[in-house]
Amino acid sequence: MNFFLTDEQQALREAVREFAEEEIAPRSAEYNRRHEFPRDNFRRLAELGYLNMQLPEKYGGQGLDWVSYTIVVEELARACAATAVIYEVHSSLHSEAIYRFGTEEQRMRYLPRLSRGELLGAYALTEPGAGSDAAAIQTRAERRGDVYVLNGQKAFITSGGVADSYIVFARTDPAPGHRGITAFIVEKGAPGLRFGPPERKMGLHASPTTAMYLEDCRVPVANRLGDEGQGFAIAMAILDRGRVGIGAQAVGIAQAALDDALAYARQRHTFGKPIAEHQAIAFKLADMATEIDAARLLVYRAAFLLGQGRPCRREVSMAKLFASEVAMRATTEAVQILGGYGYMEDYRVERLMREAKVTQIYEGTSEIQRIVISRELLRGLREEAAVR
Ligand SMILES: Cc1cc2nc3c(=O)[nH]c(=O)nc-3n(C[C@H](O)[C@H](O)[C@H](O)COP(=O)(O)OP(=O)(O)OC[C@H]3O[C@@H](n4cnc5c(N)ncnc54)[C@H](O)[C@@H]3O)c2cc1C
């Protein structure tokens, strides 16, 4: 048992923190105010080699472990949650899907360009009628010769319209259930593909979210990811990686809230002393710090197990559930600690509170994480009973 980061992980944290504090954080408020995709941030992440750093060098990565990956997501989110989710969807949902389930030809065709930032990747599972119940998707894919023709609608797609390449899930078998779902790599210029306008959201304004319409959208058979019918398994395997990333994003948002609350509580005076010296405020800070540490440890554990290739769906869901709930509590407390100023847009904590909320919703809501955890607990009990 060892609770210390390795020297390499520690050096990575210092490097990405310095970069995020110097380059990402100062631009974040403005990008979000203008609802603008943070193009400069993405370009710099590519230049500095942070994109797809978990992939082998052959595909443009650095072969780094999953704990290192979560460190990068956390530090980015601490500076700009919108940049962090764009990075997370690109690296773990999109690129990892191609790496883990693509043919060698597909890997070589996409991954080096995704790693260099020449392409931006996205992930399109959700539909207007199917979010938590992903097996209920209705987008159809019919094979006609050497193309599939896709028809349907996707909802809430991060980087929609901006991204160059999308992992799209569609039904090759019209029978209900998860068995008839297949995954495809769909390029932005595919005939019959169009996007809705950016959704007007509570937060993450610099991360565009759009609907996606597939109308007789033709996708070459060469762009099918995995086998027909393997799509649901791909979606779930990839979400394990994604959820660890969202856990890390939540920890980063919560840490930013604690940073701001601590700084404010030390300089704001009431009744003749800094508010940090009123026990009611000091205890809030103590609780925030304790919960953030616990969330970070759960995220590290899940990332470590993922990297070891061990079964860890329960640990991944625990990390995502706890970290996102902590982010919501910590950001709400930070607004409280800043009092009236906390409610003003001039201070970052109101934005952090709006950004924390989505970590309880996307890549599986908190309710869905509880379903996964409880199912795994009950399965464990059944297995124990069977052995006895
Ligand atoms: C900003 C943003 C970005 C997103 N980006 C992407 C993306 O890039 N790609 C993508 O595919 N999707 C994306 N999503 C979609 C997101 O993953 C879904 O919104 C999420 O999974 C929830 O699905 P839903 O909105 O359909 O809610 P529903 O599934 O309709 O759930 C509604 C409520 O019911 C609860 N609920 C549902 N089923 C159960 C149950 N069995 N037991 C108890 N409670 C239940 C849910 O927890 C929730 O509280 C994004 C969403 C947002 C907000």
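The structure displayed is predicted, hence computed values, not measured ones.

Focus on the nonpolar core
Note on soluble globular proteins: their nonpolar side chains tend to be buried together.
No. 1: Counting 121 residues, the largest nonpolar core has Y50, Y87, Y123, L150, F169 and V186 as its most contacted members.
No. 2: At 19 residues, the largest contribution of residues to this core is made by helix α6 (residues 231-267).
No. 3: Those residues in contact with Y50 that sit more than four places away from it in its chain are L12, A15, V16, F19, L45, V72 and Y87.

Concerning the pattern of salt bridges
Side-chain pairs of opposite charge can arise whenever the charged atoms involved come near each other.
No. 1: Counted according to the given criterion, the structure contains 31 salt bridges.
No. 2: Residues D293 and R296 are paired through a salt bridge, measuring 3.2 Å at the closest nitrogen-oxygen approach. Here D293 pairs with R296, and both are found in helix α7 (residues 279-308), just three residues apart, close to one helical turn.
No. 3: By relative accessible area, R296 is classed as buried at 14%.

Quick notes on the site of the ligand
No. 1: As a matter of local geometry, the ligand sits amid 17 residues, with T126, S132, F156, T365 and E367 nearest to it.
No. 2: Between a nitrogen atom of the ligand and a main-chain N or O atom of F156, the distance comes to 2.8 Å.
No. 3: Side-chain polar atom of T365 to an oxygen atom of the ligand: 2.6 Å apart, as the coordinates give it.
No. 4: Protein contact buries 64% of the 970 Å² of open area that the ligand shows by itself.
No. 5: Every element with two or more residues in the shell around the ligand is listed here: β1 (121-124), β3 (147-158) and α11 (366-387).
No. 6: Looking at which element gives the most residues to the shell around the ligand, the answer is β3, with three residues.
No. 7: Of the residues belonging to the shell around the ligand, the class tally is nine nonpolar, five polar and three charged.

So, the domain arrangement of the protein
No. 1: Segmenting the protein into domains produces domain 1 (7-119), domain 2 (122-229) and domain 3 (233-387).
No. 2: Taken together, the 12 residues of domain 2 in the interface contact 13 residues of domain 3.
No. 3: Both faces considered, domain 2 and domain 3 share a buried interface measuring about 890 Å² in area, 76% of it formed by carbon and sulfur atoms.
No. 4: Ranking the residues of domain 2 by area buried against domain 3 places Y123, M202 and L204 at the top, with a combined share of 51%.
No. 5: Linking domain 2 to domain 3 there are zero salt bridges.
No. 6: A per-class count over the side of domain 2 that touches domain 3 returns eight nonpolar, four polar and no charged.

Quick notes on the pairing of strand β7 (residues 209-220)
No. 1: Where β3 meets β7, nine bridges bridge the pair, whose relative direction is antiparallel. Following the sheet pairing, Q153 is matched in β7 by Y213.
No. 2: Relative to β7, strand β6 (residues 193-195) is paired through three bridges, and the arrangement is antiparallel. Bridged to L193 within β7 is L214.

Quick word on the UniProt feature "domain: Acyl-CoA oxidase/dehydrogenase middle" (unreviewed entry) in the protein
No. 1: The UniProt record annotates "domain: Acyl-CoA oxidase/dehydrogenase middle" (unreviewed entry) at residues 122-217.
No. 2: For residues 122-217, helix accounts for 0% and strand for 48%, while the C-alpha atoms at its two ends are 17 Å apart.

A short note on the packing of helix α1 (residues 7-33) against helix α3 (residues 66-79)
No. 1: Look at α1 against α3: their axes get within 8 Å of each other, and the N-to-C directions meet at 25°. The orientation of α1 relative to α3 falls into the category roughly parallel. Pair α1 / α3 crosses with right-handed handedness. For the pair α1 and α3, contact is made by Q9, L12, R13, V16, R17, F19, A20, I24, A25 and S28 and by V67, S68, I71, V72, E74, E75, L76, R78 and A79, respectively.

Comments concerning the UniProt feature "domain: Acyl-CoA dehydrogenase/oxidase C-terminal" (unreviewed entry) in the protein
No. 1: In this structure's numbering, the residues bearing the UniProt feature "domain: Acyl-CoA dehydrogenase/oxidase C-terminal" (unreviewed entry) are residues 229-377.
No. 2: Its end C-alpha atoms 28 Å apart, residues 229-377 is made of 80% helix and 3% strand.

With respect to α11
Along an α-helix, residues three or four positions apart point the same way, because every turn accommodates 3.6 residues.
No. 1: When the terminal C-alpha atoms of α11 are compared, their 32 Å separation across 22 residues agrees well with the 32 Å that a helix rising 1.5 Å per residue should span.
No. 2: Of the positions making up α11, those classed as buried are S366, Q369, V372 and I373. On an axial view of α11, the arc spanned by its buried residues comes to 120°, and they lie on one face. Along α11, exposed side chains directed more than 90 degrees from the buried face belong to E367, R375, L381, R382 and A386.
No. 3: The inward-facing, buried residues of α11 contact α6 and α8 (313-337).

Scoring rules and cut-offs
Residues numbered from 1 in each chain as written. Predicted model: local features only at pLDDT ≥ 70, side-chain atom pairs only at ≥ 80, totals over all residues. Heavy atoms only, no water. Core = buried A, V, L, I, M, F, W, Y, C linked by side-chain atoms within 4.5 Å. Buried < 20%, exposed > 50% of the residue type's maximum accessible area, 1.4 Å probe, protein only. Helix = DSSP H or I, 4+ residues; strand = E, 2+ residues; numbered from the N terminus. Contact = heavy atoms within 4.5 Å. Salt bridge = Lys/Arg side-chain N within 4 Å of Asp/Glu carboxyl O. Near = heavy atom within 4 Å. Polar contact = N/O pair within 3.5 Å; in protein donor to acceptor, adjacent residues only side chain to side chain. Areas by Shrake-Rupley, 256 points an atom, 1.4 Å probe, with all protein chains shown as cover. Nonpolar A, V, L, I, M, F, W, Y, C, P; charged D, E, K, R; others polar. Domains from an automatic or database assignment. Buried area = accessible area lost by both parts, 1.4 Å probe. Pairing = 2+ DSSP bridges. UniProt positions renumbered as here; feature names shortened; annotations may be inferred. Axes fitted to C-alpha atoms, helices over the stretch in contact; angles between N-to-C directions. Parallel < 35°, antiparallel > 145°, perpendicular 65-115°, else oblique. Left-handed = near helix turned anticlockwise from the far one by under 90°. Expected span 1.5 Å × (residues − 1). Arc of directions from axis to C-beta.

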